[in-house]
Amino acid sequence: MENKILDLEKLLFKYDYISKKEWLDNVIHDDFVECGKSGYLFKKAETIESLLSCNEDRNIVIYNYSCKQVDANTWMAHYITSIDNTDKFYRTSIWIKDQNLKIIFHQATKYNENVKLERF
């Protein structure tokens, strides 16, 4: 399941997926909340609207990915992202399995620690 969630996280950066409202609607839970790197909260509709406005892949690389099962139907993923090795962000996502996997929570926080980055 951890690899499936990693794959889904990566797809959320790919134009071929985030340009499809139906796909986004199926992978983002109705109760989704994101605390963005801006510090603002976004719900499902706002997040979908934002992703649909992208015109190309989001050039984001995932590092130091880990994922733990919280209960029978819930997983929490942690990872660091960077664009062109500039600013780093520590991200946390919570995924639940209903009929299929859906992201229900995401947070991105500026990350200033100096750590070795392992690309995923």
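Our subject is the structure listed above.
Residues numbered from 1 in each chain as written. Predicted model: local features only at pLDDT ≥ 70, side-chain atom pairs only at ≥ 80, totals over all residues. Heavy atoms only, no water.

**A word on helix 4 (residues 44-52)**
Think of an α-helix as turning once every 3.6 residues; residues three or four places apart then point the same way.
Here is step 1 of the chain: Among the residues of helix 4, those classed as buried are Lys 44, Thr 47, Ile 48 and Leu 51. Projected down its long axis, helix 4 carries its buried residues within an arc of 100°, all on one side. Opposite the buried face of helix 4, at more than 90 degrees from it, the exposed residues are Ala 45 and Glu 49.
Here is step 2 of the chain: Here the buried face of helix 4 lies against helix 2 (15-18), helix 3 (21-27), strand 1 (28-35) and strand 2 (41-43). (Buried < 20%, exposed > 50% of the residue type's maximum accessible area, 1.4 Å probe, protein only. Helix = DSSP H or I, 4+ residues; strand = E, 2+ residues; numbered from the N terminus. Arc of directions from axis to C-beta. Contact = heavy atoms within 4.5 Å.)

**So, empty space enclosed by the protein**
Here is step 1 of the chain: Scanning the entire structure with this criterion turns up one cavity of 30 Å³ or more.
Here is step 2 of the chain: Roughly 30 Å³ of internal volume is contained in the largest cavity.
Here is step 3 of the chain: Lining the largest cavity are Lys 37, Ile 60, Thr 81, Ser 82, Ile 83, Asp 87, Phe 89 and Arg 91.
Here is step 4 of the chain: Secondary structure elements with two or more residues in the lining of the largest cavity: strand 4 (74-82) and strand 5 (88-97).
Here is step 5 of the chain: Class assignment of the residues belonging to the lining of the largest cavity gives a composition of three nonpolar, two polar and three charged. (1 Å grid on protein atoms, 1.4 Å probe; cavity = no way out; pocket = protein on both sides within 12 Å on 5 of 7 lines; lining within 4 Å. Points joined across faces, edges and corners; volume = space filled by probe spheres on them. Nonpolar A, V, L, I, M, F, W, Y, C, P; charged D, E, K, R; others polar.)

**Side note on the pairing of strand 3 (residues 61-71)**
Here is step 1 of the chain: Bridge count for strand 3 against strand 4 is eight bridges, and the pairing is antiparallel. Bridge pairing in strand 4 places Asp 71 opposite Thr 74.
Here is step 2 of the chain: Count of turn residues in the strand 3/strand 4 antiparallel hairpin: two residues. (Pairing = 2+ DSSP bridges.)

**Considerations on the layout of surface pockets**
Here is step 1 of the chain: Quantified by volume, the largest pocket comes out at close to 490 Å³.
Here is step 2 of the chain: Lining the largest pocket are 22 residues, with Glu 34, Ser 50, Leu 51, Arg 58 and Arg 91 sitting closest to its centre.
Here is step 3 of the chain: Among the elements that take part in the lining of the largest pocket, helix 4 stands out by supplying four residues, more than any other.
Here is step 4 of the chain: Class assignment of the residues belonging to the lining of the largest pocket gives a composition of 12 nonpolar, four polar and six charged.

**Some details on the sheet that holds strand 6 (residues 101-111)**
Here is step 1 of the chain: Pairing is mixed across the open sheet formed by six strands, whose spatial order is 2-1-6-5-4-3. Each edge of the open sheet is held by one strand with a lone partner, namely strand 2 and strand 3. In this sheet, adjacent strand axes meet at a mean angle of 15° when their direction is disregarded.
Here is step 2 of the chain: As paired strands, strand 5 and strand 6 are joined by 10 bridges and run antiparallel to one another. For Phe 89, the partnering residue across the bridge sits in strand 6 and is Lys 110.
Here is step 3 of the chain: Packed on one face of the sheet, helix 4 meets strand 1 and strand 2 and runs near 80° to strand 1. (Axes fitted to C-alpha atoms, helices over the stretch in contact; angles between N-to-C directions.)

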